[in-house]
Amino acid sequence: MKLPVSTEWLLHCATTLAQLDPGATASAAQLADYYDLPAPYLAKQLQALVRAGVLAATTGPRGGFRLARPASEITLLSIVEAVDGAASPYECREIRRQGRGALPPEECERICVLAAKMADAHAAWRRSLDGVTLAGILGELPDAAPARTRARLASIARPAPPR
């Protein structure tokens, strides 16, 4: 399974935001600078997490993004689905009914065994991601990581408000 690069960006950005002090925010520009990403595209992707209720956005000079709910309630699956949707990456096109090897209709009344196995794998992948929260991820980071993240993020200037 191949996910868009923006999925990695948002997983890291959400983890970064989870390390901030309560109520603190980071702007899209700060996060883009922190990870050397294109700011306009990252801002658009972050909005997908806002629409999904993973992040909250505030405006103003100190505005930015923060988690919309506790890190213990945000799963990796909720982030991935906000970006990529919930559809399975595998689509059975029933090629077993085509070509010289076509099976007779009576042998195709049940779901294709390959489609069933792929659906099982997708369900297992989703269960795995749904079992991992941002709080769990934070628990696996080195003890010094949150303070280092906050300090480095704070050293990145927020963009000046438009005049």
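Residues numbered from 1 in each chain as written. Predicted model: local features only at pLDDT ≥ 70, side-chain atom pairs only at ≥ 80, totals over all residues. Heavy atoms only, no water.

Q: Teacher, can you tell me more about the packing of aromatic side chains here?
A: For any pair of aromatic rings, the description consists of the separation of the ring centres together with the inter-plane angle of the planes. The full count for this structure, using the stated rule, is two aromatic pairs. Plain terms: the ring middles of tryptophan 9 and tyrosine 41 are 5.5 Å apart, the flat faces sit at 85 degrees to each other, and that makes the pair edge-to-face. Here tryptophan 9, found in helix H1 (residues 5-18), pairs with tyrosine 41, found in helix H3 (residues 39-51); they are 32 residues apart in sequence, far enough to count as distant. For tryptophan 9, a relative accessible area of 12% gives the class buried. Owing to a relative accessible area of 38%, tyrosine 41 belongs among the partly exposed residues under this scheme. Ring geometry for tyrosine 34 against tyrosine 35: centres 4.8 Å apart, planes inclined by 80 degrees, an arrangement best described as edge-to-face. On the basis of relative accessibility, which here comes to 23%, the residue tyrosine 34 falls in the partly exposed class. Residue class for tyrosine 35 comes out partly exposed when judged on its relative accessible area of 29%. (Phe/Tyr/Trp six-rings, centres within 6.5 Å; stacked < 30°, edge-to-face > 60°. Helix = DSSP H or I, 4+ residues; strand = E, 2+ residues; numbered from the N terminus. Buried < 20%, exposed > 50% of the residue type's maximum accessible area, 1.4 Å probe, protein only.)

Q: Whenever I open this one, the nonpolar core confuses me. Can you help?
A: When a protein is soluble and globular, its nonpolar side chains tend to lie buried together. Of all hydrophobic cores here, the largest spans 29 residues; its most connected members are Leu42, Leu46 and Leu134. Mapped onto this core, the elements with two or more residues apiece are H1, helix H2 (28-35), H3, strand S2 (64-67) and helix H4 (76-84). It is H1 that contributes the most residues to this core, six residues altogether. In this structure leucine 42 touches Trp9, Leu10, Cys13, Ala28, Leu31, Ala32 and Leu37, once residues within four positions along its chain are discounted. (Core = buried A, V, L, I, M, F, W, Y, C linked by side-chain atoms within 4.5 Å. Contact = heavy atoms within 4.5 Å.)

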